[in-house]
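A structural walkthrough
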Amino acid sequence: MHRMETIIPCVLMRGGTSRGPFFLADWLPADPAERDRVLLAAMGSPHALQVDGLGGGNSLTSKVAIVSRSRRPGCDIDYLFAQVSVDRASVDTRPNCGNMLSGAAPFAIDEGLIAAADGETSVRVHNVNTGAVIEAVVQTPGGRLTYEGDARIDGVPGAAAPVRLNFLDAWGALTGRLFPTGQRQDIVDGITVTLIDAAMPMVLLRAADFGLRGDESPAELDANAALLARLERIRREAGARMGLGDVTDSVIPKPVLLAPGDEAAGLSLRSRYFTPHACHRAHAATGAVGVAAAFLMPGTVAHDCGGPAPQPGYRSVRIAHPSGGMDIDVRLDERTGEVAAAGLVRTARKIMKGVLYLPQVAPQARAAQPLRAAPMAVAA
């Protein structure tokens, strides 16, 4: 019997320092198991090179964003992030991704889910993964979305329109508490750590406790098998203590190695963020928000890297990562001294829009309807 291909609309986008396909929710099967089979086929997983799909053989280019009109009162769109494993048949929808998030609001405007205002358009995004709400401010001069601009972010060539992300209630979104164990420091496998759920559940560690400087390259860290094995032991135990259960097959929590920055160079601290089994070539946006917040809160491992005394109002934290730096604005609550809000600037770019041809891996998945957008034109 002849087996037909599945054909679905697809928009390939760069969001921050990540890249992946963006889908409207109704372009994909409603059943999560069928949807995940489609996503694995779309990315070409499991395969080290993802040669038969859109993935780039790296966790940073094996990400998916699924967007729809929001069912949550007060929000404009729902954004579901999926981390598709490169070499395993695994799709993880527990974490968030702030880099891919930066493309969600522009994508929603492009696809007609939201009307653009003149100048800037503020979009309230409900992150389905964590339940958090993020405000994304997108550039829409004359009521038209633009990806062109002068904003530059380290790890991405060229310049683009800025997308400001304001994290409004991402504190304890997955575990229920900013510090899930109730402490700002714990001992795991003989190492002092901070277990924090601030935009992303993370295990913060001092690089010096592993005999590291904190400015090593990702390739150098990835080649250190003993380091990776110990980080994984710590990560699994930390996940259990944070109430996340067995995290063996999950990408959260993320281990982060921290070291003091360079005040003369305007660097608050150095960070090496793991995804979690390899070092990020730049830094996750959500991870940077959590690291910056911890840097400003006394008692954390991050604050031990030279964090300032508590002070009300917004403070700017610049995090050095393998591709440069990232600036985060953090506001602490005057009463509790804990993080109240945080924001950063990312950029996004639409790379391609078309239809995606998939092998018939999900027999019950209905074929999506043709693209609803008007015929694409090439700008002069």
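Residues numbered from 1 in each chain as written. Predicted model: local features only at pLDDT ≥ 70, side-chain atom pairs only at ≥ 80, totals over all residues. Heavy atoms only, no water.

1. Describing the overall build of the protein
The condition is simple: Only DSSP runs of H or I reaching four residues or more are called helices, and only runs of E reaching two or more are called strands; each is numbered from the N terminus. For a compact globule the rule gives 2.2 Å times the number of residues to the power 0.38, and the radius of gyration it is set against comes from C-alpha atoms. The contact definition used throughout considers only heavy atoms, calling two residues in contact when any of these lie within 4.5 Å. We get accessible surface area from the Shrake-Rupley algorithm with a probe of 1.4 Å; when it comes to residues, only the shown protein chains can shield them.
Across its full length, the protein carries 5 helices and 16 strands. In terms of overall size, the protein behaves like a compact globule, its C-alpha atoms giving a radius of gyration of 20 Å where 380 residues would be expected to give roughly 21 Å. Overall, the protein is about 60 × 50 × 35 Å in size when its C-alpha atoms are taken along their principal axes. Excluding contacts between residues fewer than 6 apart, the proportion of contacts in the protein whose partners are at least 24 apart in sequence is 62%. Surface accessibility of the protein: about 15800 Å² in total, with carbon and sulfur atoms responsible for 50%.

2. Some remarks on the nonpolar core
Let me state the cut-off plainly: By nonpolar core is meant a set of buried Ala, Val, Leu, Ile, Met, Phe, Trp, Tyr and Cys residues that side-chain atoms within 4.5 Å join together. Residue exposure (1.4 Å probe, protein chains only): buried if accessible area is under 20% of the type maximum, exposed if over 50%, otherwise partly exposed. The split into domains, and so the bounds of each, comes from an automatic or database assignment of domains.
F167, W171 and I328 are the most contacted members of the largest nonpolar core, which has 108 residues in total. Shared between two domains, this core holds at least three residues of each, these being domain 1 (6-171 + 348-358) and domain 2 (186-337). The residues touching F167, leaving out its near neighbours within four places in the chain, are N96, L101, V133, I134, A199, T286, V289, A341, A342 and L344.

3. Digging into the domain arrangement of the protein
Our working rule: Buried area is a sum: the accessible area each of two parts loses on coming together, probed at 1.4 Å, counted once for each and added. We define a salt bridge as a side-chain nitrogen of Lys or Arg found within 4 Å of a carboxyl oxygen belonging to Asp or Glu. For this analysis, a polar contact is any N or O atom pair within 3.5 Å, provided that within protein one partner can donate a hydrogen and the other can accept it, and provided that sequence-adjacent residues contribute only side-chain to side-chain pairs. As a working rule, the residues Ala, Val, Leu, Ile, Met, Phe, Trp, Tyr, Cys and Pro are called nonpolar, Asp, Glu, Lys and Arg charged, and the rest polar, with Gly in that last group.
Each assigned domain of the protein is listed here: domain 1 (6-171 + 348-358) and domain 2 (186-337). In this structure, domain 1 and domain 2 have C-alpha centres spaced 24 Å apart. Listed as interface residues are 19 residues of domain 1 and, on the opposing side, 26 residues of domain 2. Buried area between domain 1 and domain 2, summed over both chains or domains, comes out near 1700 Å², and the portion from carbon and sulfur atoms is 54%. In terms of surface lost to domain 2, no three residues of domain 1 exceed R94, D154 and W171, which account for 30% of the buried area on that side. Between the two partners, domain 1 and domain 2, sit 3 salt bridges. Across the pair R318 and D154 runs a salt bridge, and its minimum N-O distance is 3.5 Å. For the interface between domain 1 and domain 2, the tally reads 10 residue pairs in polar contact (both at pLDDT 80 or more). Of the residues that constitute the side of domain 1 that touches domain 2, the class distribution is 6 nonpolar, 8 polar and 5 charged.

4. Brief notes about the pairing of strand β14 (residues 313-321)
What counts, and what does not: Should DSSP find at least two bridges between two strands, the strands are taken to pair.
Two elements, strand β13 (residues 267-273) and β14, share 2 bridges in a ladder whose sense is parallel. The residue of β14 that forms the bridge with R270 is A320. Two elements, β14 and strand β15 (residues 324-332), share 9 bridges in a ladder whose sense is antiparallel. Note on β15: the bridge partner recorded for G313 is L332. Hairpin connection between β14 and β15: a loop of 2 residues separates the two successive antiparallel strands.

5. A word on the pattern of salt bridges
Within the structure shown, the criterion is met by 18 salt bridges. R164 serves as the salt-bridge partner of D329, at 3.4 Å between the closest nitrogen and oxygen. Of this pair, D329 sits in strand β15 while R164 sits in strand β8 (residues 162-167), and the two are 165 residues apart along the sequence. Overall, D329 belongs to the partly exposed group, its relative accessible area being 27%. When its relative accessible area of 27% is taken as the criterion, R164 is described as partly exposed. Here R236 makes a salt bridge to E232, at a shortest N to O gap of 2.8 Å. Highlighted residues: R236 and E232, both in helix α4 (residues 225-241), separated by 4 residues, approximately one helical turn. For E232, a relative accessible area of 13% translates into the label buried. Connected via shared salt-bridge partners are D154, R318 and D327.

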